[in-house]
Amino acid sequence: MTVVLPAIIDTWFASRGWRPRRHQMDMLGAAENGDHALLVAPTGAGKTLAGFLPTLVDLIANPTDRLHTLYVSPLKALAVDVRRNLLTPIAEMGLPINVETRTGDTPSDRKARQRVRPPQILLTTPESLSLLLSYPDAALLFADLKRVIVDEVHAFATQKRGDLLNLSMARLQAIRPDLRRVALSATVADVDAYRAWLAPDGDIDTVTPVMGEPGAEPNVAILIPEGRVPWSGHSGKYATKQVMAEIEARQTTLVFCNTRGLAELIFQELWSANDANLPIAIHHGSLSIDARRKVESAMAAGKLRALVATASLDLGVDWGNVDCVIQMGAPKGSSRLLQRIGRANHRLDMASEAILIPGNRFEYLEARAALDAVEAGERDADDFRPGSLDVLAQHVMGLACAGPFRAEEMLAEVQSATPYSALTEEAFDHVLHFIAGGGYALRAYDRFKRLVQESDGTWRVAHPRFVQQHRLNAGIIVDQPALAVRFANGRKLGTVEEGFAAQLRPGDSFFFSGMALEVVRMDTSDLTVRATSKQARIPSWGGTRMAMSTRLADRVRHFLAEPEEWHRFPPDVREWLEMQRLRSALPQPGQLLIETFPHEGRHYLLCYSFEGWNAHQSLGMLLTRRMESQGLMPLGFVSNDYALAVYGLKPITDPKSLFSADILDHEFVDWVEQSSLLKRAFRDVAVISGLIERQHPGKRKTGRQVTFSTDLIYDVLRKYQPDHLLLKAAWADARARMTDVGRLGDLIDRAGQTMLHVTLDRVSPLAVPVLILIGREHVAQTAAEDALLTEAEQLVAQAMRAD
């Protein structure tokens, strides 16, 4: 079937000197065939226009003043950016099409008007869509909806936000059965898995896969100042002067950091080296909305020479004047690296330029592995899992706010959402009765009785106050308890987590939003500050650290086992690996290398598993518990993404006994139940499910109040109803999200069969980057840092001695 563009769109393409790309016309063809579609195309390939092209064509042929297309984005900034870029062609073609955004930042009066007089195209987020569906007029609002476009689908399909969006699409499909779904992404490894996620009832054959034209190969380099790669660290700040030189030589540079704390640190380092006084800025999720919008506008207008950012700008924001991306520290995955590289040039026919700054020698190997993976077209695997029950509880309560429902009809609708396709009637019944009473242990409390069942079998909201409570508290992103950072005049700069704020006293100073700030006073919700010239510290934020992907870990393991590849590495990295091979061993792929040796009166065990910081932290806890039970007198552990070191007062002669498979059945369960890990997970699922509200009308609870409430309920359920739905959901979160237990399990399985134990008389070269971390975690004073550097030099000298 030949697809023809309307003359007005064809003329617009010609006026720009463009031609429609093949994948853009294929998307139009899929729409005219009545199919759902998944577009996988590189950044700069015109994915957004491809997604909206069928909408524009249909609205030209069949004008309407009703809501026609819903666009769902993982980021508010992306929705704002897409609106700006979509309005330009609409205005240039003179089309009578309104495009508006609806996110948490949208004023309430505009939100109310949108439900009565919606635009033809509405750009929103999963949370805002869920709230729209909680109103009684939702069926009327979406009665004429033709298309849903899910942008950057890889960013949330496998997460709880993806569960919520898939449930919302199931409700939209029930309202409008001929609704067509579209998903867009640049970095999808398993196309069929995403087709199944997108399709109603998981029917993969109803989703047409559209593959974009390949773009120019990216030009990516690894920067090694003065030819030396550091032994330790992960920030890359040693390369500050060289990074500043790259910024000075280019029009606009994006400098990506993996954490908010690192972004604040790198900004300060760059600012100190900014002798030319170039305009540079910082952007991350803890900054205020006003601060972020101001930076985004300045960037779009080409007023900045550099922007230091976190994952808050990973996705889709189209700034064509960015000519280089710099990644500080290891990229952690090929898909993430490709996404970030694509922010440069943002054109299919121009090679994106990127520079990687590895923080240490292991990170050099990871950076090289990431470059090889990008060149080979390899993407990181995505882990699809069953939908979360706390998300389902929130969704069901939201639909109940829109009107009464029958359980059997709701179950069928929920099962049409792919993440919940295997949901049993029994499990759904548990969710219903949880919303209706909180569960057996909480049944006596009226505040948990949010649903009631009528005599005809329908379910409805028990009291109107629960409707208001739901809309105030709905959402999947559970922020850590935080305090607002404000100047005395009330201007908000952003938020810092309570844990960091608790360490501060009036007169203390810290860096935030690119400024040095002094604490003036603190109350339960605000941290009042003023600008200062005092020496300041970098804030810390909690949350799970990004772990190196399994595919990159596999590539790094192969590097260690393939000396013929080492000629590609800098001389000091080659020397490091060669000395390790001489003095100890290098693990083969699939093999687990364990080294034991004495050092300064302690006995060390080094485990080189490459399973990521989170899994290593969990394993460190478990091994020290088991060492305690074996009388080995453990003192502690330290880890990075690549290895784990545990140390104690007695030598470890039988490491296999420490790594036996039952460690996940015995020590793991005991540790999780006694630690704060499960309580933190329970806090999140209690908030998401609606059991605990974050705010009341006119008043938001502090983080301490929320934690206190959830801790009390947690203790009650543990004692009286240990099989409660939320405890099960918390365990699932604690195991999968917070401890990387899947990778931990793989590590334990591998240990029993492939362990290579090498006994040494002193520290090995491969152990140096890990052992240097001991004592560094909480050091801030210059004198102490100097002492640690001297100690590190002595450690390196021991390790690299050939005898």
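Look a little higher up for the structure.
What this report covers is the structure whose coordinates are included nearby. Predicted model only: the values in this text are computed from it and were never measured.

Our focus in this paragraph is the overall build of the chain. From N to C terminus, the chain includes 30 helices and 27 strands. For 803 residues, the compact-globule formula gives about 28 Å, and the C-alpha radius of gyration of the chain, at 27 Å, lands near that figure. The principal-axis extent of the C-alpha atoms belonging to the chain is close to 80 × 70 × 55 Å. Considering the chain as a whole, with its 803 residues, one finds that 57% of them fall into the buried category. Taking the contacts inside the chain whose residues are at least 6 apart along the sequence as the reference set, 73% of them involve residues at least 24 apart. Entry remark: accessible area of the chain is about 32,400 Å², with carbon and sulfur atoms responsible for 50%. Across the chain, the 90 positively charged side chains and the 97 negatively charged ones have centroids separated by 6 Å.

On to the sheet that holds strand β20 (residues 526-531), then. Across a sheet, strands are paired by hydrogen bonds formed along the backbone, either parallel or antiparallel in direction. An order of β17-β16-β20-β19-β18 is seen for the 5 strands of this open sheet, with the pairing classed as mixed. Among the strands making up the open sheet, the edge pair consists of β17 (492-497) and β18 (509-512). Averaged over all pairs of adjacent strands, the angle between strand axes in this sheet comes to 40°, irrespective of strand direction. As paired strands, strand β16 (residues 482-487) and β17 are joined by 5 bridges and run antiparallel to one another. When the sheet's bridge partners are listed, Ala484 is paired in β17 with Thr495.

Relative to the 16 Å expected for 12 residues at 1.5 Å per residue, helix α12 (residues 289-300) spans 16 Å between its end C-alpha atoms, a close match to the ideal helical length. Of the positions making up α12, those classed as buried are Arg292, Val295, Glu296, Ala298 and Met299. Along the axis of α12, the buried positions cluster into a sector of 165°, meaning they face one direction only. Away from its buried face, by an angle of more than 90 degrees, α12 presents the exposed residues Asp290 and Lys294.

The next subject is helix α1 (residues 7-15). Considered for burial, the residues of α1 that qualify are Ile9, Trp12 and Phe13. In an axial view of α1, the angular spread of the buried residues amounts to 100°, which keeps them on one side of the axis. The exposed set on the far side of α1, more than 90 degrees from its buried face, consists of Ala7, Thr11, Ala14 and Ser15. Gly17, located one to two residues past α1, shows a positive phi value of around 75°.

One finds Phe142, Phe428, Leu451, Phe659 and Phe682 to be the most contacted residues of the largest nonpolar core, which totals 109 residues. Discounting residues that sit within four places of it in the chain, Phe428 has contacts with Leu392, Val396, Ala407, Met410, Leu411, Val414 and Leu423. Counting 69 residues, the second-largest nonpolar core is a separate cluster that includes Phe362, Trp576, Ala645 and Val768.

The subject of this paragraph is the packing of aromatic side chains. Scanning all chains against the criterion turns up 16 aromatic pairs. For the pair Trp12 and Trp18, a centre-to-centre distance of 5.5 Å together with 90° between the ring planes defines the contact as edge-to-face. Joined through ring pairs, the aromatic side chains of Trp231, Phe362, Trp576, Phe610 and Tyr642 make up one cluster. Over the ring of Trp231 we find Arg361, and its NZ or CZ is 3.9 Å from the ring centre.

Remark: 4 residues form the turn of the hairpin made by β16 and β17, two consecutive strands paired antiparallel; Gly490 in that turn has positive phi of roughly 95°. Here β16 pairs with β20 via 4 bridges, running parallel. Bridge pairing in β20 places Phe487 opposite Val529.

On to the sheet that holds strand β12 (residues 324-328), then. Overall, parallel pairing links the 6 strands, which are arranged β8-β13-β12-β9-β11-β10 in an open sheet. On the outer flanks of this sheet lie β8 (219-222) and β10 (280-283), each paired with one strand and no other. Recorded for the sheet is a direction-independent mean angle of 20° between the axes of neighbouring strands. Packing against the sheet, helix α14 (residues 361-375) makes contact with β8 and β13 (353-357), and its axis sits at approximately 165° to β8.

You will see that Ser513, though not glycine, has its phi angle at about 55°, which is positive. Of note, Ser513 is situated in the loop between β18 and β19 (515-522). Even without being glycine, Phe610 reaches a positive phi, approximately 60°. Summarising the element assignment, Phe610 is placed in the loop between β22 (602-608) and α22 (613-629).

Residues Met633, Leu635 and Leu649 make up a contiguous nonpolar surface patch of roughly 270 Å² in combined accessible area. The exposure class of Met633 is partly exposed, given its relative accessible area of 40%.

Here we take up the side chain of Thr158. Here Thr158 shows up in the loop between β5 (147-150) and α8 (160-175). Excluding residues that lie within four positions of it along the chain, Thr158 makes contacts with Tyr194, Asp382, Asp383, Phe384 and Arg385.

For the structure on display, the rule yields 33 salt bridges. Of the charged contacts, one joins Asp733 and Lys160 as a salt bridge, the two residues approaching to 2.8 Å between their closest N and O atoms. Placement of Asp733 in helix α27 (residues 725-738) and of Lys160 in helix α8 is noted, with a sequence separation of 573 residues between them. Lys160 shares its class with Asp733; the two are buried.

This paragraph deals with the environment of Arg147. Along the polypeptide, Arg147 turns up in strand β5. Between the C-alpha atom of Arg147 and that of Tyr71, which follows or precedes it by 76 residues, the distance is 8.4 Å. Each residue touching Arg147, except ones within four places of it in the same chain, is listed here: Gly51, Phe52, Pro54, Thr55, His68, Thr69, Leu70, Leu179, Arg180 and Val182. A distance of 2.7 Å separates the side chain of Arg147 from the backbone oxygen of Gly51, its partner in a polar contact.

The rules behind these values
- Residues numbered from 1 in each chain as written.
- Predicted model: local features only at pLDDT ≥ 70, side-chain atom pairs only at ≥ 80, totals over all residues.
- Heavy atoms only, no water.
- Helix = DSSP H or I, 4+ residues; strand = E, 2+ residues; numbered from the N terminus.
- Rg over C-alpha atoms; globule rule 2.2 N^0.38 Å.
- Buried < 20%, exposed > 50% of the residue type's maximum accessible area, 1.4 Å probe, protein only.
- Contact = heavy atoms within 4.5 Å.
- Areas by Shrake-Rupley, 256 points an atom, 1.4 Å probe, with all protein chains shown as cover.
- Lys, Arg positive; Asp, Glu negative; His and termini not counted.
- Charge placed at Lys NZ, Arg CZ, Asp CG, Glu CD.
- Pairing = 2+ DSSP bridges.
- Axes fitted to C-alpha atoms, helices over the stretch in contact; angles between N-to-C directions.
- Expected span 1.5 Å × (residues − 1).
- Arc of directions from axis to C-beta.
- Core = buried A, V, L, I, M, F, W, Y, C linked by side-chain atoms within 4.5 Å.
- Phe/Tyr/Trp six-rings, centres within 6.5 Å; stacked < 30°, edge-to-face > 60°.
- Lys NZ or Arg CZ within 6 Å of the ring centre and 35° of its normal.
- Patch = residues over 30% accessible without salt bridge, like charges linked within 9 Å, V, L, I, M, F, W, Y side chains within 5 Å.
- Salt bridge = Lys/Arg side-chain N within 4 Å of Asp/Glu carboxyl O.
- Polar contact = N/O pair within 3.5 Å; in protein donor to acceptor, adjacent residues only side chain to side chain.

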